[in-house]
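# What the coordinates show
Residue strings, one per chain:
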Amino acid sequence: MPAISYLECSRCRQHVSADTPQTVCPACAGTLYVRYDLESLKKIAQRPGPDAVPSMWRYADLLPEVVPVTLGEGWTPLLPSRRHPGLLIKEEANNPTGSFKARGMSAAVSMARHYGLKKLAAPSAGNAASALAAYAAAAGIEAHIFMPRDVPMANYLEGEVYGAHVTLVDGLISDCGRIVAERKASEGWFDVSSLKEPFRVEGKKTMGYELVEQLGWTYPDAVFYPTGGGVGLIGMWKAFEEMEELGWVSGRRPKMIAVQASGCAPVSRAWKEGATASKTFENPATFAAGLRVPKPYGDTIILDIVRESGGTVLDLPDEEILASLLDWARHEGLFLCPEGATATAAYDRLIQSGFLKPEDKVVLFNTGSGLKYIDAIADAMHLRRPATKQYPRRTPVGGIITPQ
Ligand SMILES: Cc1ncc(COP(=O)(O)O)c(C=O)c1O
Ligand SMILES: [Zn+2]
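Residues numbered from 1 in each chain as written. Chains lettered and ligands numbered in written order. Predicted model: local features only at pLDDT ≥ 70, side-chain atom pairs only at ≥ 80, totals over all residues. Heavy atoms only, no water.

## Section: the overall build of the chain
Quick reminder of the rule: Each helix corresponds to a stretch of at least 4 residues labelled H or I by DSSP, and each strand to a stretch of at least 2 residues labelled E; elements are numbered beginning at the N terminus. Note on exposure labels: buried denotes an accessible area under 20% of the residue type's maximum, exposed denotes more than 50%, and partly exposed covers the range between, all computed with a 1.4 Å probe on protein chains only. Contacts are assigned to residue pairs that have any heavy atoms within 4.5 Å of one another. The Shrake-Rupley method, run with a 1.4 Å probe sphere, supplies the accessible areas, and residue values consider only the shown protein chains as cover.
Scanning the chain from N- to C-terminus turns up 13 helices and 15 strands. With respect to the principal axes defined by its C-alpha atoms, the chain has extents near 75 × 50 × 50 Å. Looking at the chain residue by residue over its 404 residues, the buried ones come to 57%. Partitioning the intrachain contacts of the chain with sequence separation of at least 6 by distance along the chain shows that 69% fall at a separation of at least 24. Split by element, the accessible area of the chain, about 16,700 Å² in all, is 53% carbon and sulfur.

Put into structure tokens, the structure is as follows:
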């Protein structure tokens, strides 16, 4: 594992030492990126071979020098679609706590333990809170998590089960963020909000390393990413930059396609307006809970990356997301999370519009398991569990009696 050379501000490029815990750039509040001496690393860093650990820590040569807090995150399967010849699903449901948020929290909590931090806090749309709760428990660190009251039940339950301090807030993730910001100094919390500390991006960047490795060290034509805060998209772009500097991959980088729900589409709106930053999206509402981020902190970085990559941003209404979720469950055997189904719905749209061709090699992130959303999906389907007496019963010889 390499020593960190310095942290670099994504906006003003100021360098900050990583010897002590850092949040954002002290000069301009920009997100800090972890930088290594890639010139020297080039001589020693190895592409992982067949014996590398089957987790994101297989890229330890490009992650901070730290003893990892690991629950087996990353190295998730890349599953070919049964119907679309060019389409591969990066199945992040297989992560601890059932979502890709495990990657970022494994890295952030590892560094927190390394720095000797005792209390971590985060606002969350849901899955980040679950992951923080699990990794903090594994590290013996306190987790203080703040989520909207109407977060999927699984996220609330996980927080409680893992022993975190859970607060449900009557409001949005932005309100949760405000509470953390107001109380962190007096409570002694270290804030691990998306893009307000440097290491969640480091964990999430491993998605970029993995997809390139799984494609035989080549780039796909496009990557679909359900975008709330955009941490994964930003992390993958960093991974591509690093891999090119190391000589691990070359060629044209993928078109980055950021997908949002129409009920909360600040980045998509900014994209349509040709703006360089988003405006707060008022009254956001979607069952794709992870996409309910009304004003992502990294909006400008997301828009820059999409533009540079030749990609696009689009948003889909909940009905189309649900239809795609059911389509994939019934025809491919995958129970996508609503955020992942936003991406599959977007894929269909971009094939229809001709932006992509069916033979284009596309990696699409299913960022979590549909099983984490049983309440939200059942609601969206207007599904209620039938009363017990309506269940079919089996006769002693295995036939079925349909109740009257
Ligand atoms: C399942 C799922 N997908 C996507 C996202 C959005 O992730 P990001 O903040 O990296 O854009 C979230 C965020 O909570 C999520 O839980
Ligand atoms: Zn700065």
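## Concerning the sheet that holds strand β7 (residues 142–148)
Stated formally: Pairing between strands requires that DSSP locate at least two bridges from one strand to the other. The axes are straight lines fitted to the C-alpha atoms, using for helices just the contacting stretch, and the angles between their N-to-C directions are given from 0 to 180°.
Read across the sheet, four strands follow the order β8-β7-β6-β9 without closing on themselves; strand pairing throughout is parallel. Where the open sheet ends on each side, the last strands, each with one partner, are β8 (165–169) and β9 (190–191). By the bridge criterion, five bridges tie β7 to β8 in an arrangement that is parallel. Each bridged residue has a counterpart across the sheet, and for Met147 the counterpart in β8 is Leu168. Helix α3 (residues 127–139) rests against β6 (119–123) and β7 of the sheet, and its axis sits at about 170° to β7. On the sheet, helix α4 (residues 153–161) packs against β7 and β8 and is oriented at approximately 150° with respect to β8.

## Side note on the layout of surface pockets
What counts is decided by this rule: Of the two site types, the cavity is a set of points on a 1 Å grid over the protein atoms alone where a 1.4 Å probe fits but cannot get out, and the pocket is an open set with protein on both sides within 12 Å along at least five of seven lines, each lined by residues with an atom within 4 Å of a point. Grid points are joined across faces, edges and corners, and a volume is the space filled by probe spheres set on the points.
Its boundaries defined by the atoms lining it, the largest pocket holds a volume of some 700 Å³. Lining the largest pocket are 43 residues; nearest its centre among them are Pro123, Ile173, Ser194, Gly229 and Val293. Listed by contribution, the elements that provide at least two residues to the lining of the largest pocket are α3, α5 (173–187), α6 (199–204) and β10 (222–226). With six residues, α5 is the largest single contributor of residues to the lining of the largest pocket.

## Looking at the coordination of the zinc ion (ligand 2)
The line we're drawing: Distances define the donors: N, O and S atoms within 2.8 Å of the metal qualify, as do those within 3.2 Å of Na, K or Ca. Water is excluded, so some sites may look unfinished. In this scheme the shape depends on donor count and angles: four donors with every angle between 85 and 135 degrees give tetrahedral, four or six donors with opposite pairs above 155 degrees and others between 65 and 115 give square planar or octahedral in turn, and any other case is irregular.
Taken together, Cys9 (SG), Cys12 (SG), Cys25 (SG) and Cys28 (SG) make up the protein donors of the zinc ion (ligand 2), found 2.2 to 2.4 Å from the metal. In this structure, the zinc ion (ligand 2) is surrounded by four donor atoms whose angles at the metal cover 96 to 119°, and the resulting shape is tetrahedral. Sequence spacing of the donors to the zinc ion (ligand 2): C-x2-C-x12-C-x2-C. Here Cys12, found in the loop between β1 (6–9) and β2 (15–16), pairs with Cys25, found in the loop between β2 and β3 (32–35); they are 13 residues apart in sequence, far enough to count as distant. By relative accessible area, Cys25 is classed as buried at 3%.

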